[in-house]
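# Coordinate inspection notes
Each chain is listed here by its residues.
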Amino acid sequence: MPLGAHMSIAGGMDKSVARGSSIGCETIQIFTKSNRQWRAKPLEAEEVARFQEARAASGIDPIFAHAAYLINLASPDDDAWDKSLESFIMEVGRCATLKLPFIVVHPGAHGGAGEDTGLSRITRALDECFTRHKDEQVTVLLEITAGQGSSIGYKFEHLAGIMERCLYLERLGICFDTCHAFAAGYDLRTPEGYEQTIASLDRLIGLEHLKAIHLNDSLGDLGSHLDRHVHIGMGNLGLEAFRLLLNDPRLKRLPMVLETPKGPDMKEDVANLSTLRGLSRL
Ligand code: ZN
Ligand code: MN
Ligand code: MN
């Protein structure tokens, strides 16, 4: 299983690769633009070339994207929905330019309009995005959420429902976030709880659609719907959950990245990666 962490692109796309390499990441997740802005300057050919060179030299594989948190494809507000969709389409385009295999996105928040309305708005947005990017290969990974506020995607049924209704099923996959799943009410701390969670993921969605994993411990308790990531082994999930996950042969070869708090020297990532590597027997 390639292990790594989310890396900053400050200073240029290629800097994310250098950062990942410097702490021994085998895979990394990146934003393809500022996470706090809707717009971005188009990628220049030289920057793309520098990124590809750095990637090839590093051997980090895969490098995949996470969409900006601003994007809400479930928004009940037409203007906000349009803005989200345009921005998301632009991000998928950047992934295609950078040759990233997938982009993780949170399904969105219905803002009081109800889950069904939210789910159909997400599906419509995805269909439109794929229609605009028909010839690209980028896969969109729907991330399981903690269910904080009115956010959708905290049940495997939500993700399955989007996949069923989307016209481009072959362009969709799933990203499993350990903190989100646990906060959403899926237990991972015991062999029984873990097995039940993975079995229900397989039954409702199919493990073949699972393409990436976010490794985060959880500040909140089971079913708390609190989306707060903490260092591996320091939260309510605890080490056993990660031991079960890292030694599950069904998840072999899936990229797994940390999204835990860190400073610029990334020593927290180093510690978390070493903890995780110590748990893995595969
Ligand atoms: Zn996410
Ligand atoms: Mn996540
Ligand atoms: Mn989160």
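Our structure's up above, just so we're on the same page.
About the cut-offs
Position labels on residues start from 1 in each chain and follow its written sequence. Chains and ligands are labelled by the order in which they are written, letters from A for the one and numbers from 1 for the other. Local features are withheld for residues below a pLDDT of 70 in this predicted model, meaning they are given only at 70 or higher, and side-chain atom pairs are given and counted only at 80 or more; totals for whole chains, interfaces and linings count all residues. Side-chain calculation: all heavy atoms of the structure are included, whereas hydrogens and water are not. Each helix is a run of H or I in the DSSP string that is no shorter than four residues. Each strand is a run of E no shorter than two, and both are numbered from the N terminus. Our radius of gyration looks at C-alpha atoms and nothing else; its globule reference is 2.2 Å times the residue count to the power 0.38. Think of it in three bands: residues with accessible area under 20% of the maximum for their type are buried, residues over 50% are exposed, and the middle band is partly exposed, with areas taken using a 1.4 Å probe on protein chains only. In this analysis, two residues are considered to be in contact whenever any of their non-hydrogen atoms come within 4.5 Å of each other. Definition of a polar contact: a pair of N or O atoms within 3.5 Å, with one able to donate and the other able to accept a hydrogen when the atoms are protein atoms, and with sequence-neighbouring residues admitted only if both atoms are side-chain atoms. Each metal's donors comprise the N, O and S atoms found within 2.8 Å of it (within 3.2 Å for Na, K or Ca). Water is not part of the atom list, so some coordination spheres may appear incomplete. For patches, a residue must show more than 30% relative accessible area and have no salt bridge; joins then use 9 Å for like charges and 5 Å for nonpolar side chains, namely Val, Leu, Ile, Met, Phe, Trp and Tyr. For the area figures, the Shrake-Rupley method with a 1.4 Å probe applies, and any residue is considered shielded solely by the protein chains shown. Salt bridges are counted wherever a side-chain nitrogen of Lys or Arg sits within 4 Å of a carboxyl oxygen of Asp or Glu. Note on charges: Lys and Arg go in the positive column, Asp and Glu in the negative column, and His and the chain ends are not counted at all. By convention, charge coordinates are those of NZ in Lys, CZ in Arg, CG in Asp, or CD in Glu. In short, DSSP must find at least two bridges between two strands for them to pair. Here is how to tell: hold the view so the strands point away, follow the path from the first strand over the helix to the second, and if it runs clockwise the crossover is right-handed. Pairing of aromatic side chains here covers Phe, Tyr and the six-membered ring of Trp, requires ring centres within 6.5 Å, and sorts the geometry by plane angle: under 30 degrees stacked, over 60 edge-to-face, intermediate tilted. Where helices are involved, their axes are fitted lines through C-alpha atoms of the stretch in contact, as for all axes, and angles between N-to-C directions lie from 0 to 180°. Any angle that is under 35 degrees is reported as roughly parallel, and any over 145 degrees as roughly antiparallel; angles of 65 to 115 degrees are reported as roughly perpendicular and all others as oblique. A crossing counts as left-handed when the near helix is turned anticlockwise from the far one by less than a right angle, and as right-handed when that turn is clockwise. Residue type decides the class: Asp, Glu, Lys and Arg count as charged, Ala, Val, Leu, Ile, Met, Phe, Trp, Tyr, Cys and Pro as nonpolar, and the leftover types, Gly among them, as polar.

## Observations concerning the overall build of the protein chain
Helix and strand counts for the protein chain stand at nine helices and 12 strands. A compact globule built from 282 residues should have a C-alpha radius of gyration of about 19 Å, and the protein chain, at 18 Å, falls within 12% of that. Along the first, second and third principal axes, the C-alpha atoms of the protein chain reach 45 × 45 × 30 Å. Every one of the 282 residues in the protein chain was classed for burial, and the buried ones make up 56%. Pairs at least 24 residues apart make up 76% of the contacts formed inside the protein chain by residues separated by at least 6 positions.

## With respect to the side chain of threonine 260
Residue placement: threonine 260 occurs in the loop between β12 (256-258) and α9 (267-279). Accessibility expressed as a relative area gives 6% for threonine 260, which makes it buried. Side-chain polar atoms of threonine 260 contact the side chain of asparagine 272, separated by 3.3 Å. With residues up to four places along the chain from it excluded, the contact list for threonine 260 reads Leu215, Asn216, Val230, His231, Asp269 and Asn272.

## Here we look at the coordination of the zinc ion (ligand 1)
Around the zinc ion (ligand 1), the protein contributes the donor atoms His66 (NE2), His106 (NE2) and Glu143 (OE), which lie 2.0 to 2.1 Å from the metal centre. When the donors of the zinc ion (ligand 1) are listed by position in the chain, the intervening gaps give H-x39-H-x36-E. Separating the zinc ion (ligand 1) and the manganese ion (ligand 2) is a distance of 3.3 Å, and glutamate 143 donates to both of them. Taken as a pair, histidine 66 in strand β3 (residues 63-66) and glutamate 143 in strand β6 (residues 139-143) lie far apart in primary sequence, 77 residues in all. This pair shows no difference in class: histidine 66 is buried, exactly as glutamate 143 is.

## What about a negative patch on the surface?
A surface patch of negative charge is lined by Asp77, Asp79, Asp82 and Glu128. A relative accessible area of 59% places aspartate 79 in the exposed class.

## Details of the pairing of β3
If a strand is regular, its side chains alternate between the two faces of the sheet. The alternating pattern of β3 places Ile63 and Ala65 on one face and Phe64 and His66 on the opposite face, and all of these are buried. Two strands pair when backbone bridges link them, and strand β2 (residues 27-30) and β3 are joined in this way by three bridges, in the parallel orientation. Across the sheet, isoleucine 28 pairs through a bridge with isoleucine 63, a residue of β3. Viewed along the sheet, the connection from β2 through helix α2 (residues 45-58) into β3 turns out right-handed. Crossover handedness for the path β3 to helix α3 (residues 78-98) to strand β4 (residues 102-105): right-handed.

## Quick notes on the packing of aromatic side chains
In total, this model carries five aromatic pairs according to the counting rule given. Ring centres of phenylalanine 31 and tyrosine 69 lie 5.8 Å apart, and the angle between their planes is 80 degrees; on these two criteria the pair is classed as edge-to-face. Note that phenylalanine 31 is positioned in the loop between β2 and α2 and tyrosine 69 in the loop between β3 and α3, a separation of 38 residues in sequence. Ring geometry for phenylalanine 156 versus tyrosine 186: centroids 4.1 Å apart, planes at 20 degrees, classification stacked. On the criterion of sequence distance, the pair formed by phenylalanine 156 in helix α5 (residues 156-165) and tyrosine 186 in the loop between α6 (178-184) and α7 (191-204) is long-range, its members being 30 residues apart. For the pair phenylalanine 156 and tyrosine 186, one class covers both residues: buried. By the ring-pair criterion, three or more aromatic residues cluster together here, those being Phe156, Phe176 and Tyr186.

## A word on unusual backbone geometry
The peptide bond linking aspartate 61 to proline 62 adopts the cis configuration, its omega dihedral lying at 0 degrees. Mapped onto the secondary structure, proline 62 falls in the loop between α2 and β3. For lysine 99, which is not glycine, the phi dihedral falls at a positive 55 degrees. Mapped onto the fold, lysine 99 is located in the loop between α3 and β4. Accessibility expressed as a relative area gives 61% for lysine 99, which makes it exposed.

## Notes on the packing of helix α4 (residues 115-132) against α5
α5 packs onto α4 with a crossing angle of 45 degrees between their chain directions and a minimal axis gap of 9 Å. Classified by the interaxial angle, the pair formed by α4 and α5 is oblique. When you trace α4 past α5, the crossing you get is right-handed. Residue-level inspection shows Glu115, Asp116, Leu119, Ser120, Ile122, Thr123, Leu126 and Asp127 of α4 in contact with α5, the latter providing His158, Ile162 and Arg165. Residues belonging to the contact of α4 with α5 are distributed by class as follows: four nonpolar, three polar and four charged.

Distances and angles like these do not, on their own, reveal function.
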